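Examining the three-dimensional arrangement
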Amino acid sequence: MQLNELVSDTNARQYAIQRLAKLLRHPDDLAYKAEEVRRKLAQEKLLIDAQLNTDVRRQFDDVQEGLELLYSTSSQIGRVKSDMQKVDDLCHRAQSYLTNFDRIQIVSTANRNFVRTDEFYRQFSEFHQQYTQVREMLTDAQENFDQGNFNLLRLHYFLYKLEDFRNRALGFTGVDDVDAGQTLAQMFGGLDGLVREFEDFLWMVAGSMYDLALRNRSNIVVQLLKVVEFEEAADRAQEREGAAAAMSPAGAAPKTERVPKRYKKKLLEFIHTFVSSRVGEFFGQEVRDLENITEVTGFVIDELTFVSDAVAPAFPGTYFVFDVFVDEYHRSVVENTGTLAAGDLDGGSILMLLRWMREYHGAMRKELSIPKDQLKPPLLDGREDQLAQEYLDIASKKIREWITNLMRTENESFVNRLDAPSMGEDGLYVTGGSIYLFEIVNQNIELVTEAQRAKLLCDLVAECNKVFQDISKQWRELLSAEKTKQIEAPETAAEGLVDYTMALANEQIRSVVQAETIRDETGERLTRAHQERFKAELSQTMDIFMNVAEAATQTLADIVFSDLRPITAVLFTAEWYEDDLLQPVIETLKDYCQDFHDHLDKYLYRRLMQDLLSRFALSYVDAVSGKIKLHKGQASEKLNLEMHRASKFFKEHMDSAAVSETLNIVRILISLIDSTPAMIFLEFFSIKKQYPDLPPMLIEDILSKRDDLEKQQLKTILESLRQKSKGDAGALNKQRTLFSKLKSYSPLGNAKGRFL
């Protein structure tokens, strides 16, 4: 590594971080490359230290040598001053040796003036001829401009001589010599026009610098710059001469009438006009609207690459001309894009702009090593965040409006139920709403993804979730209202609620699948910084739709058990002991479950069957709270028979182990009915270990409604159970089972006046 490659102290930290980032690209590199990198950096440090020591030693030697030269120079200046004083003394003494020195001096001055006058006269005589020659050269150059057969330096040389002679001639003319001034002005009158023509030709050459570079005629551009540099030097000399004249006595020397040209300033102004014209022309032809804004990036990169390779090398390094061209191109792009982006923009146009801005800055950094901070002024006045918020507002508003209209149609169809719901290819009922719902959402997500705006994408999904939350609330309220109407006033409800509820549930699952697809596919295209939030937002979206699906399945279960309510209401009553009430229950379940199996999503079907089974089992336990009698022997025998038949039915639709586990709470009820007074205590605590949330009031009701226990015997048993059950609340809080879902019993509460 050379010393000139080292960064300054102020940038050392940033340089070190960038270098380490290049060397250690992956986490594993810390384990496998760290030691190697440390050794390599140590070697580089040793080499740099050695080079620094050498350079410091060399600098000290140079300083020592400079001090010695300074000391010797001071001595030499003293000797020269002494020698010049001697020469001056000799000159004064020599004048006394010449008797006619004053005359000789006058004659010498007269001779010099004569020679100068003769030279001036000759130049006056030849001025017209030289003027004509220069005009012919300029005309020839103009006519042969396309061929490039001209020499700017030669043309400028002769023109400058004419200007210089004109300026000196006017400088010799006194202010009061009006006639001489008018004569000279008439004589030199055409020269100003010739100078203007030459300048016009000069800027015509400047305007063709790209064409000249393409034709490998950059030498003409170099000639142009030589002329500019020469005139700049003449301007500086004129300024120094003017400053000296201001300090000299009046009339000490003739003044020149040269006017500063300021060619360098004019050249930079011409570059500004030239670039603005090219960029404006490109926008006018190729980028008339924001749909083609991405074409700008390629145009600017191509132009600046050409400038860097073919134009900039012709300029002196002090011009920093590439930076000048970068600034001019960028400024012109800012002006033209600002014009295009003026006024109200739709969401697509805003995204197009945001995507282009990122591509533009990325290309400038990658292709030309120009960081974003160097490009001033910022694109669109730095309104990136404002534009992103504007897009978010527009997109959110459109999504909400579109989905609100969709929901209005879906709600009307769900409430009126004029026709049967549509059926998909797999036989499931559907509404088709999820397709239209995610169509507009997917469009916006894809547009934002293509615009490479990860934060905006996360914000967009968050706004969509707000809309989905509102939809979820509407669906749950509508399900509750229609269910209530179906159960309490079926004559006023339209037919087909079950089918439409299945269609709604299926549609929510389809929405969950689409949200999951977006989460997995689009999430992988994001950076780690935004991937976690994006996936979290989409997971929330899935939960929102799943909540509606669960509400729909609960509605289905509520409708089923509303039909079974006349039977579940008479469990353990005389009617139940006398008649077979389970058969109509199973027949009703068969009808419903067959429809659920055929037309409901398989996942929701399994969830619904589990819910139906749980409600079926809990209905027996909740029935204990009613005005019933539990006849020992008869009740358990009938319960065993019904559980066997119910188990057989549910196992046709569910996993056998899940059925047995759920119906076990009814078998617990049987065991408590059949237990002898001596065994109740052991039976209770055996059940309590498996079901810590077993409600104490349920035990009291079962025992108190058994027909074989005396009141005093019951009181003794309950008091014993109460004493042994103290301190069970902690275990209850740790585990909840199916007993926690009982409607008639609270797992924690004890009724006032009860034993437990």
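Below: a short report on this structure.

Details of the nonpolar core
- Residues F325, F572, F596 and F616 are the most contacted members of the largest nonpolar core, which totals 200 residues.
- In terms of residue count, helix α18 (residues 528–568) provides more of this core than any other element does, 17 residues in total.
- Those residues within four positions of F325 in sequence are excluded, and the remaining contacts are M209, Y210, I271, V275, L304, V307 and V311.

Topic: the pattern of salt bridges
- Under the definition given, this model contains 30 salt bridges.
- In this structure, R400 and D470 form a salt bridge, with 2.8 Å as the shortest nitrogen-oxygen distance. A residue pair is termed long-range when its members are at least 10 positions apart, and R400 in helix α14 (residues 384–416) and D470 in helix α16 (residues 454–488) qualify at 70 residues.
- Look at D470 and you get partly exposed, because its relative accessible area is 33%.
- Here E719 and R722 are joined by a salt bridge, their closest N and O atoms 2.4 Å apart. Separated by 3 residues within a single helix, E719 and R722 lie in helix α26 (residues 711–724), roughly one turn from each other.
- Overall, E719 belongs to the partly exposed group, its relative accessible area being 31%.
- R722 sits in the partly exposed class, given a relative accessible area of 28%.
- Several salt bridges converge on common partners, so that one network encompasses K455, D459, R533 and E537.

Remarks on the packing of α14 against α16
- Two elements in contact, α14 and α16, have axes separated by 10 Å at closest approach and are oriented at 20°. For the element pair α14 / α16, the angle class is roughly parallel. By crossing handedness, the relation of α14 to α16 is classed as right-handed.

Brief notes about the environment of T294
- Among the structural elements, T294 can be located in the loop between α10 (263–286) and α11 (295–311).
- Note: C-alpha distance between T294 and L353 (59 residues apart in sequence) is 8.4 Å.
- Aside from chain neighbours lying at most four places away, what touches T294 is M352, W356 and E359.

Calculation criteria
- Residues numbered from 1 in each chain as written.
- Predicted model: local features only at pLDDT ≥ 70, side-chain atom pairs only at ≥ 80, totals over all residues.
- Heavy atoms only, no water.
- Core = buried A, V, L, I, M, F, W, Y, C linked by side-chain atoms within 4.5 Å.
- Buried < 20%, exposed > 50% of the residue type's maximum accessible area, 1.4 Å probe, protein only.
- Helix = DSSP H or I, 4+ residues; strand = E, 2+ residues; numbered from the N terminus.
- Contact = heavy atoms within 4.5 Å.
- Salt bridge = Lys/Arg side-chain N within 4 Å of Asp/Glu carboxyl O.
- Axes fitted to C-alpha atoms, helices over the stretch in contact; angles between N-to-C directions.
- Parallel < 35°, antiparallel > 145°, perpendicular 65-115°, else oblique.
- Left-handed = near helix turned anticlockwise from the far one by under 90°.

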